[in-house]
Amino acid sequence: MSQIPEFKNHIAGEWVAGADQRPNINPSDTDDVIGLYAQADAAQAEAAIAAAQAAFPAWAASTPQQRFDVLDAVGSELLARREEIGRLLSREEGKTLAEGVGETHRAAMIFKFFAAEALRGGGETLASVRPGVSVDVLRQPVGVVGLIAPWNFPIAIPAWKIAPALAHGNTVVFKPAELVPGCAWTLAEILSRTALPKGAFNLVMGAGSQVGQALVDSPRVRALSFTGSVATGRRLIAAAAARQAKVQAEMGGKNPLVVLDDADLGVAVNAAVQSAFFSTGQRCTASSRIIVTDGIHDRFVEAVVAKMKTLKVDHALKAGTDIGPVVDQRQLDQNLRYIDIARREGGTLAFGGEVVERETRGFFQVPALITGTTNAMTISREEVFGPVANVVRAGDYDEALALANDTEFGLSAGICTQSLKHAAHFKLHAQAGMVMVNLPTAGVDYHVPFGGTKGSSYGPREQGSHAREFYTTVKTAYTFPG
């Protein structure tokens, strides 16, 4: 039997063993241990913060060309290795191989986009209202940035946090999710071979109670970017605000997809199935709440169920697999619990939901569609974060819009319609940070802002040029020649 490989944290330019180790288990095959990954304690997290602080003056003073070279090199290596890294991603998180490779490609393009952002800058020179005075509005790095990423996008979300942080001259302490350390370690290894100063980037794998808490509490961490659960995000926001640190948080959604009577049925079914069930429904932008008007409701449900019956649930790396496993037993149990609650509250399980066995031991679940639900039911209010969607019937567009907005969340919202009038109205009046027309709610580009409203998000947007709002601070400088 081959020895299980071991992977260390990266602190101050060195690979450092943790206080403990944690196995990285393949959810498609629980007998497959990908590796043993270091688990840092609070002391190691503090060491990483200190290293980032020590490296900050040098990296903050680096030229745009130096920053471009580092980030572009990372992007190029990710592109060259996307099949290899995509396979690792699918092996540790459970996405299909096509999804894993696609996510790695996206991470590469994020690094290349922010390489170019380093060259573009963002300052302004303005004329003063006073004669002879000039005004420079400067954008400067914030300092040490703590980045906390979730498990569902093991390389794309780290990329869209790390790349802008470095592009704008900050130094980084990065804590990946405990379930998916493999892609994080690989990204750290690539960064370790660039021209970054030692300590400018630090990987600290470990528990949120140790590493995450150290990042939240340290006065040397001037900004925190978090993606994860609502409960954790709210605690982090409160703690960061108490010490006046910048904070950015993405915390999930209960995203509506509205299907109107005039929708193209094929387009609507594709949007619903792609959004709700692909990536095993483990996306904060997934359409978990499908609101369908009376005239198309029955045909839509019938067509969605027919499509769901064609989906193959199996090992993420197996050819022909459409839906991989749920990430772990805890998430699988949560999915089943919400299905049971929906049925007890009056919903009908139209299709799926059962746990299935495959050649390897894994967390395999058939996607579930629950009909006959109302917006007041638990299944319509709380985020499941699995391949579980419910259908809510609406009388017309106005009722559908009201139902779509009747939620504490506001990340993504979609509408399927051939009416320009309704599409235009929905884009303006849907209470969400991202709106899709005749598209899955879960597909987003890497060069435009990402984020929501209401309970989904807090702070400036992620991705695109708008990322500079979080990763820089503004200084206004006045000059009079004398």
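Residues numbered from 1 in each chain as written. Predicted model: local features only at pLDDT ≥ 70, side-chain atom pairs only at ≥ 80, totals over all residues. Heavy atoms only, no water.

**A word on the pattern of salt bridges**
Across all of its chains, the model carries 23 salt bridges by this definition. Where K112 meets D72, a salt bridge forms, and the shortest distance between an N and an O atom there is 2.8 Å. With a gap of 40 residues between them, K112 in helix α4 (residues 97-120) and D72 in helix α2 (residues 64-80) connect regions that are remote in the sequence. For D72, a relative accessible area of 21% translates into the label partly exposed. Note that D340 is salt-bridged to R344, the shortest N-O span being 2.9 Å. Linking D340 with R344, this pair stays in helix α11 (residues 329-344), spanning four residues, or about one helical turn. When its relative accessible area of 39% is taken as the criterion, D340 is described as partly exposed. Exposure remark for R344: the relative accessible area of 60% places this residue in the exposed category. Each of the salt bridges in this network shares a partner with another, and the network as a whole consists of E77, R81, E84, E189 and R193. (Salt bridge = Lys/Arg side-chain N within 4 Å of Asp/Glu carboxyl O. Helix = DSSP H or I, 4+ residues; strand = E, 2+ residues; numbered from the N terminus. Buried < 20%, exposed > 50% of the residue type's maximum accessible area, 1.4 Å probe, protein only.)

**Describing the sheet that holds strand β21 (residues 472-479)**
Strand order in the open sheet formed by three strands is β6-β7-β21, and the pairing between neighbours is antiparallel. Since the sheet does not close on itself, it has two edges, and those belong to β6 (124-127) and β21, each with one partner. Between one strand axis and the next, the sheet turns through 25° on average, direction left out of account. Where strand β7 (residues 134-141) and β21 come together, eight bridges link them in antiparallel fashion. Paired with R139 across the strands is V474, a residue of β21. (Pairing = 2+ DSSP bridges. Axes fitted to C-alpha atoms, helices over the stretch in contact; angles between N-to-C directions.)

**Examining the side chain of S380**
Counting through the fold element by element, S380 comes out in helix α12 (residues 378-381). Exposure remark for S380: the relative accessible area of 0% places this residue in the buried category. A polar atom in the side chain of S380 sits 2.8 Å from the backbone oxygen of T374. Once residues lying within four places of it in the same chain are set aside, the contact partners of S380 are K254, R289, T373, T374, N375, N390 and V392. (Polar contact = N/O pair within 3.5 Å; in protein donor to acceptor, adjacent residues only side chain to side chain. Contact = heavy atoms within 4.5 Å.)

**Some words on the nonpolar core**
Among the nonpolar cores identified, the biggest contains 64 residues, and L78, F111, I162, F174 and F201 are the most heavily contacted of them. The element contributing the most residues to this core is helix α5 (residues 156-167), with nine residues. Apart from residues no more than four positions distant in its own chain, I162 is found in contact with F111, L147, F174, L187, L191 and F201. In terms of nonpolar packing, the next biggest core, distinct from the first, is built from 30 residues, A268, F300, V356 and V366 among them. (Core = buried A, V, L, I, M, F, W, Y, C linked by side-chain atoms within 4.5 Å.)

**What about helix α3 (residues 82-93)?**
The end-to-end C-alpha separation of α3 is 16 Å, in line with the 16 Å expected for 12 residues at 1.5 Å each. When α3 is considered as a whole, its buried residues turn out to be I85, G86, L88, L89, S90, E92 and E93. On its buried face, α3 sits against β4 (20-26), β5 (29-39), α2, α4 and α6 (181-192). Looking one or two places after α3, you find G94, whose phi comes out positive at around 105°. (Expected span 1.5 Å × (residues − 1).)

**Remarks on the sheet that holds β5**
Sheet architecture is open: three strands sit in the order β1-β5-β4, paired in mixed fashion. Edge positions in the open sheet fall to β1 (6-7) and β4, since each of these has one partner strand only. As paired elements, β4 and β5 share seven bridges and run antiparallel to each other. Bridged to Q21 within β5 is A38. In this fold α3 packs onto β4 and β5, with an angle of close to 105° to the strand it touches most, β5.

**Some thoughts on the layout of surface pockets**
Roughly 1,300 Å³ of volume is contained in the largest pocket. Contributing to the lining of the largest pocket are 42 residues, with W151, F226, G228, S229 and T232 lying nearest its centre. Sorting the residues of the lining of the largest pocket by element identifies α7 (208-217), β11 (221-227), α8 (230-242) and α11 as the ones contributing at least two each. Counting residues per element, the lining of the largest pocket draws most heavily on α8, which supplies six residues. Here the residues of the lining of the largest pocket are counted per class, giving 20 nonpolar, 11 polar and 11 charged. Looking at the second largest pocket, its volume works out to about 320 Å³. (1 Å grid on protein atoms, 1.4 Å probe; cavity = no way out; pocket = protein on both sides within 12 Å on 5 of 7 lines; lining within 4 Å. Points joined across faces, edges and corners; volume = space filled by probe spheres on them. Nonpolar A, V, L, I, M, F, W, Y, C, P; charged D, E, K, R; others polar.)

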